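# Results of the structural survey
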Amino acid sequence: MKTGKEQKFFTIILIFYWAGIFIATHIPVPGWARQMGTSDKTMHFFAYMILAILLWLGRSFAKKANWKELRPWLLSAIVAVYGLLDELSQQFMNRSTDMSDFAANMLGLAVAMAIATVLSAYHIIMILITVCPLFAPGIVRSQLIPQDSIYEAAAYMVGFAIITAAWIKYLSSVFGLNLRKNNLLFFAPPAGTIIIVKFYAQLTNKPFGSTAIISAFASIVLTLFIRRLMSKKGTAT
C-alpha cells in the first residue's frame with residue numbers, strides 16, 4: 001500500500017470521526033453515555049488525542065513531527081482553535097462551556113503530537129489499536145450493547161479480528177516476521193490487549209466477563225488460523 005493511499009484512508013476516517021465529535025458535543029449527552037462510567041475529562045482527552053493523531057496521519061503519514069517545520073504547529077493550531085470554538089459554542093446548544101474540558105482537549109492534543117514526534121506512522125496506528133478496545137467495557141456497561149449477549153460476543157469477535165489482522169500486518173511489514181514460523185509472537189500482542197482490557201475493566205468497575213474474554217480469544221485464534229491458511233495457499237500457488 002502506497003503512502004498516498006494510506007493518507008487518503010486516514011483522511012476518510014478523520015472526516016467521519018471529526019463529524020462524530022462535532023455532533024456528540026452539540027447534542028444533549030445521551031443517557032447511555034452517562035452510564036459508561038468514564039469521566040467526562042477522560043473522554044475529552046482521548047477524543048482529542050485520537051482526533052490529532054488522525055489529522056497527522058491523514059496529512060503527514062510518512063513523517064514524524066519536525067517542530068522546525070510549519071506543519072506540526074499548523075495542525076496543532078487547527079485542533080486547538082477547533083477545541084476552543086467547540087467548547088464555546090456549546091452554550092448555544094443547551095450545554096455549558098467548561099474550560100476544564102478544553103484543558104483536557106489540549107492535553108490530548110499535546111500527547112498526540114508528542115507521540116507523532118517520536119514514533120512513525122505504523123507505531124502510532126498500533127497505539128490506536130491498543131487504546132480503542134478500552135472503550136468497549138464502558139459501552140457494555142451503558143447497555144448500548146447488552147452484557148453476556150450474542151451482540152457482545154459478536155462485537156468482541158469482530159473487534160479482535162481487526163486487532164489481530166492489524167498486528168499481523170504490523171509485525172510482518174515492519175519487523176519482517178513470518179506468521180508460519182512465529183505463531184506465538186503473532187498471538188501474544190492481541191492476547192496482551194485482552195489482559196490490558198481486563199485490568200482496566202477491573203480497575204474501573206466495568207464488565208469484561210467470560211463471554212467477552214472467550215469471544216476475544218476465539219477471534220484471535222480463528223483470525224491467525226485463517227491467515228495461516230491464506231499464506232500457505234499463496235505459497236503453494
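The following paragraphs examine the structure supplied in this document. Since we're looking at a predicted model, the values are computed, not measured.

### Brief notes about unusual backbone geometry
- One non-glycine residue, Gln143, lies in positive phi territory at about 70°.
- Mapped onto the elements, Gln143 comes out in the loop between helix 7 (136-141) and helix 8 (150-174).
- A residue is classified by how much of its surface remains accessible, and Gln143, at 48% relative accessible area, is partly exposed.
- Residues other than glycine seldom take positive phi values, yet Asp148 does so here, at roughly 55°.
- In this structure Asp148 comes out as partly exposed when scored by relative accessible area, which is 49%.

### What about the environment of Met126?
- Counting through the fold element by element, Met126 comes out in helix 6 (residues 121-131).
- With relative accessibility at 6%, the residue Met126 sits in the buried group.
- C-alpha of Met126 to C-alpha of Met157: the two residues are 31 residues apart in sequence and 18 Å apart in space.
- Here Met126 is in contact with Ala166, Trp167 and Tyr170, once residues within four sequence places are set aside.

### Quick look at the pattern of salt bridges
- Under the criterion given, the structure shown has three salt bridges.
- Residue Asp40 is joined to Lys41 by a salt bridge in which the shortest nitrogen-to-oxygen separation is 3.7 Å.
- We classify Lys41 as partly exposed; its relative accessible area is 32%.
- Lys41 is paired through a salt bridge with Asp101; the nearest N and O atoms lie 3.0 Å apart. Pair noted here: Lys41 is in helix 3 (residues 40-59) and Asp101 is in helix 5 (residues 99-118), with a separation of 60 residues, a long-range link.
- Exposure remark for Asp101: the relative accessible area of 5% places this residue in the buried category.

Rules and cut-offs
Residues numbered from 1 in each chain as written. Predicted model: local features only at pLDDT ≥ 70, side-chain atom pairs only at ≥ 80, totals over all residues. Heavy atoms only, no water. Helix = DSSP H or I, 4+ residues; strand = E, 2+ residues; numbered from the N terminus. Buried < 20%, exposed > 50% of the residue type's maximum accessible area, 1.4 Å probe, protein only. Contact = heavy atoms within 4.5 Å. Salt bridge = Lys/Arg side-chain N within 4 Å of Asp/Glu carboxyl O.

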